[in-house]
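Geometric and topological summary
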Amino acid sequence: MPLCGKRIRASQVFDSASTKGIWRVQLSHGAPVRFARFDDSCLVASAGLVPVMALAQRAGLVETAGALLTVPGSAGSAGAKVASLVAGMVAGADSISDMGLLRHGAMSRLFAGARAPSTLGTFLRAFRFGHVRQLDAVAARVLAGLTELSPMFAGADHEITYLDVDDTVRATYGYAKQGAGYGYTGVKGLNALLATASIRGVSAAPVIVATRLRKGSVHSARGAARLVADAITSTHRAGVTGMLVLRGDSAYYTREVIAAARRHSVAFSITARKNTAVTAAIASIPEDAWTTIRYPRAVFDEQLQQWISDAEVAEIPFTAFGSRGKKHAVTARLIVRRVRDANPEHVQVSAQGELFRVWRHHAVFTNSPLPMLDAEADHRRHAIIEQVIADLKAGPLAHLPSGSFAANSAWLVLATIAYNLLRATGALASTIHARATTATLRAQLINVAARVVRSSRRTRLRLPTNWPWAGAWQRLFTAATGPPTPA
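Residues numbered from 1 in each chain as written. Predicted model: local features only at pLDDT ≥ 70, side-chain atom pairs only at ≥ 80, totals over all residues. Heavy atoms only, no water.

1. Quick word on the environment of isoleucine 232
So the rule is basically this: In this text, helices come from DSSP runs of H or I with a minimum length of four residues, and strands from runs of E with a minimum of two, each type numbered from the N-terminal end. The buried label applies to any residue whose accessible area, calculated with a 1.4 Å probe on protein chains only, is under 20% of its type's maximum; exposed applies above 50%, and partly exposed to all values in between. Residue contacts are counted whenever heavy atoms from the two residues lie within 4.5 Å of one another.
Along the chain, isoleucine 232 falls in helix H7 (residues 224–237). According to the relative accessible area criterion, isoleucine 232 is buried, its value standing at 0%. Along the chain, isoleucine 232 and alanine 260 lie 28 residues apart, while their C-alpha atoms are 9.5 Å from each other. Those residues in contact with isoleucine 232, other than ones at most four positions away along the chain, are Leu163, Leu244, Ala260, Ala261, His264 and Val266.

Right under this line is the structure:
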């Protein structure tokens, strides 16, 4: 194989104060780079888009978007525009102008129909609320297609699938953003409500099953019941037939959210808001009902054969929303975790030490069939949705690029499709990539430089030698496009 010049080499430099070697990478002395030019029309910077978009095409992205979307001015091209936006987001685009990365080098030889950023911006600004709901339907159907092609939901039939709901505020700047306002965080922006699905005991990352963009000034539970219903429908459409459990924090401790779960025969595990009824129920728990749990910094006592911890758990039957009448009352379990209060303002001490223990209580209202300790521990894993939010904000949700609220709503749904597509990509590549962040997937599988060559009427990709993740990339490529054609 011809060489492209001398490789960058590592030289060892020894610290005069120690014997430890410090390795560094430095430019080659034999052939230093003195000139650069953007003139190679056979190169692409994101070769990983080839298997990823092949996977999206097999999942029905282009056909479904073309059939369901009725955005004005996009007759016959809605599928290509949606695919262009999703491909740009997969490659790392977080604004409309970044979509220009689809039109460099030999990309036109690999992909047909990539639209210009100006065309894609016009397409997004033509969206209205009804078109966003059509795009929601596209996202649900594409997710169902991806689950058939990848093991994202492997084990969902015999394990519990958790639906986590939470919201986040995406900061905006200037005065041109429709719907921007100050919410509970004190940050001016727009509010994104999300629902994710993850399988108990499986280390794969969650997928997004429903999203909704809201005004920045709304409270967290606004429209949550409708989103929960959509999330349950999308999860069932994706082929999940096992038990579902809805998890949420105290912002979603509302009759409407729990009623939406019960209508679809879905269990719930919601952090109970501290009100008079909850406080009274906690106070009624007898002292001998508390069970010590293995908590951070817990120590196992060999003599007593138990964990010595500052956390204990108990449960009691509880009826919520009783003030709304028997018709709206819900009876289930109130699982309470209490931890020692280390705040000196709340702890009474004397010269001999603490007079009596002061506890902080965290209550969970649930009808989960799991044992008490398992149900409480699983509820604390609700925080996994924060990783999904962080992934979105580190990618396409770094900005809400338009002044139009509907365009930004469509952008959020497209970011969801791109996220789920990357999750399917990771699941096909390796078990490590199945739980990796989307930034890692982009760096290792998507943004790989390649040369496009053609011989014997066949197009081939020439990728870098010694690429550390070549095996995972090849597994993805084979799964997405099929085995290579024999010579």
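Picking up after the structure, the text goes on.
2. A short note on unusual backbone geometry
We note that serine 456 has phi near 55°; this positive angle belongs to a residue other than glycine. With phi around 60°, arginine 457 is a residue other than glycine that occupies positive phi space. Within the secondary structure layout, arginine 457 lies in the loop between strand E18 (450–455) and strand E19 (458–462). Relative accessible area serves as the criterion here: at 77%, arginine 457 is assigned to the exposed category.

3. Notes on the pattern of salt bridges
Our working definition: Salt bridges, as used here, are contacts in which a Lys or Arg side-chain nitrogen is within 4 Å of a carboxyl oxygen on Asp or Glu.
Counted according to the given criterion, the structure contains 16 salt bridges. Measuring nitrogen to oxygen at the nearest pair gives 3.5 Å for the salt bridge that ties aspartate 167 to arginine 214. In this pair, aspartate 167 is assigned in strand E4 (residues 161–171) and arginine 214 in strand E7 (residues 207–214), connecting sequence segments 47 residues apart. Of the two residues, aspartate 167 and arginine 214, both sit in the buried class. It is possible to trace a salt-bridge network through shared partners that takes in Arg133, Asp136, Arg212, Arg226 and Asp230.

4. Points about the sheet that holds strand E3 (residues 43–44)
Going by this rule: Any two strands with at least two DSSP-identified bridges between them are counted as paired.
Strand order across the open sheet formed by three strands is E3-E18-E19, with antiparallel pairing between neighbours. Two strands close off the open sheet at either side, each with one partner strand: E3 and E19. Two elements, E18 and E19, share five bridges in a ladder whose sense is antiparallel. Residue arginine 451 lies in a different strand from E19, and its bridge partner there is arginine 462.

5. Some points on the packing of helix H12 (residues 405–429) against helix H15 (residues 470–481)
Basically, it comes down to this: The angle between two axes is taken between their N-to-C directions and runs from 0 to 180 degrees, where each axis is a line fitted to C-alpha atoms and a helix contributes only its stretch in contact. Roughly parallel means an angle under 35 degrees; roughly antiparallel, over 145; roughly perpendicular, 65 to 115; everything else is oblique. Handedness of a crossing is defined here by the sense of rotation of the near helix relative to the far one, left-handed for an anticlockwise turn of less than a right angle and right-handed for a clockwise turn. Gly is put with the polar residues, along with every residue not named as nonpolar or charged; the nonpolar set is Ala, Val, Leu, Ile, Met, Phe, Trp, Tyr, Cys and Pro, and the charged set is Asp, Glu, Lys and Arg.
Orientation of H12 relative to H15, taken along the N-to-C sense of each, is 110°, at an axis distance of 8 Å. As summarised for this structure, H12 and H15 are arranged roughly perpendicular, according to the angle between their axes. Judged by the sense of rotation from one axis to the other, the crossing of H12 with H15 is right-handed. In this structure, H12 contributes Thr425, Leu428 and Ala429 to the contact, and H15 contributes Ala472, Arg475, Leu476 and Ala479. Residue classes in the contact of H12 with H15 are distributed as five nonpolar, one polar and one charged.

6. Remarks on H12
Along an α-helix, a turn takes 3.6 residues, which lines up residues three or four apart on a common side. To be explicit about the condition: To estimate the expected span of a helix, count its residues, drop one, and scale the result by 1.5 Å.
With 25 residues, H12 extends 36 Å between its outermost C-alpha atoms, agreeing within 8% with the 36 Å of an ideal straight helix rising 1.5 Å per residue. Burial of H12 is extensive: 24 of the 25 residues sit out of reach of the surface.

7. Some details on the side chain of serine 95
Short version of the rule: In protein, a polar contact means a hydrogen-donor-capable atom and an acceptor-capable atom, both N or O and within 3.5 Å, with residues adjacent in sequence counting only if both atoms are side-chain atoms; elsewhere, any N or O pair within 3.5 Å suffices.
Secondary-structure assignment places serine 95 in the loop between helix H3 (78–91) and helix H4 (107–110). At 3.3 Å, the side chain of serine 95 and the side chain of serine 97 are in polar contact. Those residues in contact with serine 95 that lie beyond four places of it in its chain are Pro401 and Trp411.

8. Description of the environment of glycine 242
Tracing the sequence through the fold places glycine 242 in the loop between H7 and strand E8 (244–248). Residues glycine 242 and glycine 155 lie 87 residues apart in sequence; the distance between their C-alpha atoms is 9.1 Å. Other than its neighbours up to four places away in sequence, glycine 242 contacts Ala156 and Asp157.

9. Notes on the packing of aromatic side chains
Which entries qualify depends on this criterion: We call Phe, Tyr and Trp rings a pair once their centres come within 6.5 Å, taking the six-membered ring for Trp, and we label the pair stacked below 30 degrees between planes, edge-to-face above 60, and tilted otherwise. A positively charged side chain is recorded as over a ring if its NZ (Lys) or CZ (Arg) lies within 6 Å of the ring centre. The angle to the ring normal must also be within 35 degrees.
Under the criterion given, the structure shown has seven aromatic pairs. Aromatic side chains tryptophan 467 and tryptophan 469 sit 5.4 Å apart centroid to centroid with 70° between the ring planes, which places their arrangement in the edge-to-face category. When the centroid spacing of 5.3 Å and the interplanar angle of 10° are considered together, the rings of tryptophan 473 and phenylalanine 477 count as stacked. Of this pair, tryptophan 473 and phenylalanine 477 are both found in helix H15, four residues apart, which corresponds to roughly one turn of the helix. We classify tryptophan 473 as buried; its relative accessible area is 5%. Taken together, the ring pairs connect Tyr253, Phe268, Phe318, Phe321 and Phe365 into an aromatic cluster. Its end group placed over the ring of tryptophan 290, arginine 338 keeps NZ or CZ at 4.2 Å from the ring centre.

10. Quick look at H7
Taking 1.5 Å of rise per residue, the 14 residues of H7 would be expected to cover 20 Å, and the 20 Å separating its terminal C-alpha atoms lies within 8% of that figure. Where burial is concerned, most of H7 is hidden: ten out of the 14 residues are buried. Looking only at H7, the buried set comprises Ala224, Ala225, Leu227, Val228, Ala229, Asp230, Ala231, Ile232, Ser234 and Thr235. On its buried face, H7 sits against helix H6 (129–149), E4, strand E6 (188–199), E7, E8 and helix H8 (255–263). Within two residues after H7, glycine 239 carries a phi angle of roughly 95°, on the positive side.

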